[in-house]
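# Survey of secondary and tertiary structure
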Amino acid sequence: MLLSIPEPVLLNCWKHHLGFIIDRIREYKSETQLKKLKSDLLNIGNSTTDLYTGQIGSMAAAELALGEIHKNGIFFKDQYVKWIRDSAESYKCREFPDGSVWVFRIGDEPERYVHIHPGRNVPHTLRVKANVLKSVIGAMVLSRIFDENPHALSTLNNARRILTGLSPVKTIQSDSEFSKMLEVFSARIHSH
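Parameters and conventions
- Residues numbered from 1 in each chain as written.
- Predicted model: local features only at pLDDT ≥ 70, side-chain atom pairs only at ≥ 80, totals over all residues.
- Heavy atoms only, no water.
- Pairing = 2+ DSSP bridges.
- Helix = DSSP H or I, 4+ residues; strand = E, 2+ residues; numbered from the N terminus.
- Contact = heavy atoms within 4.5 Å.
- Axes fitted to C-alpha atoms, helices over the stretch in contact; angles between N-to-C directions.
- Phe/Tyr/Trp six-rings, centres within 6.5 Å; stacked < 30°, edge-to-face > 60°.
- Buried < 20%, exposed > 50% of the residue type's maximum accessible area, 1.4 Å probe, protein only.
- Parallel < 35°, antiparallel > 145°, perpendicular 65-115°, else oblique.
- Left-handed = near helix turned anticlockwise from the far one by under 90°.
- Nonpolar A, V, L, I, M, F, W, Y, C, P; charged D, E, K, R; others polar.

With that out of the way, let us pick up the sheet that holds strand β4 (residues 101-109). One open sheet holds the four strands; their spatial order is β1-β5-β4-β3, and the pairing between them is mixed. Each end of this open sheet is capped by a strand with a single partner; those strands are β1 (9-10) and β3 (92-95). Pairing geometry for β4 and strand β5 (residues 112-118), over six bridges, is antiparallel. By the bridge assignment, Val103 is partnered in β5 with His117. Lying over the sheet, helix α5 (residues 77-85) contacts β3, β4 and β5, oriented at roughly 125 degrees with respect to β4.

Here it is, written out as structure tokens:
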């Protein structure tokens, strides 16, 4: 999940970074890798999430976060905790160069206490249910491995059954969250 994200930054890329997810989708090339994907999808959890869709890479986002706290004279955990707790909301929001807004919180892990994620209802961010995100990622991977249409109901339901243990959906309506996310993922995968 963290790969090369520098400490002390915590960024769950499976949950919050479209570019990261697209890169991972491209890495799954065989049926034998589906067990790993099933495990990776657990990183998304079960709640609604904010997914960053902009062009800043996950590593660059972490570096921007570090630059932001260093600009505020913060170099140690106790300084960071005080900076966050000085806020009435117990978090801080900062704008990144592309206009996206990122939330800074206190992370639970001792060595990764700078927890960042994209803000809600801000530029370059989509709000999505975790089960929709997992299903769409699964459909995109299955479509690549088995040469199927990722927008087909059967592909989506196979992903839900095989990779997430979720019940099948009856339809993919053109205005549904499934349809919108499939479009976002397809456009991004085919743009590179």
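The next thing to look at is the packing of aromatic side chains. Summed over all chains, the structure comprises six aromatic pairs. When the ring of Trp83 is compared with that of Phe104, the centres are 6.0 Å apart and the planes differ by 85 degrees; the resulting orientation is edge-to-face. Placement of the pair is Trp83 in helix α5 and Phe104 in strand β4, with a sequence separation of 21 residues. A relative accessible area of 10% places Trp83 in the buried class.

Right, let's get into the packing of helix α3 (residues 34-41) against helix α6 (residues 130-146). Contact geometry for α3 and α6: axes closest at 11 Å, N-to-C directions at 165 degrees. Taken together, the axis directions place α3 and α6 in an arrangement best described as roughly antiparallel. Here α3 runs over α6; the crossing is right-handed. In contact with Leu34, Leu37 and Leu41 of α3, α6 contributes Lys134, Ile137, Gly138, Val141, Leu142, Ile145 and Phe146. Taken together, the residues of the contact of α3 with α6 break down into eight nonpolar, one polar and one charged.

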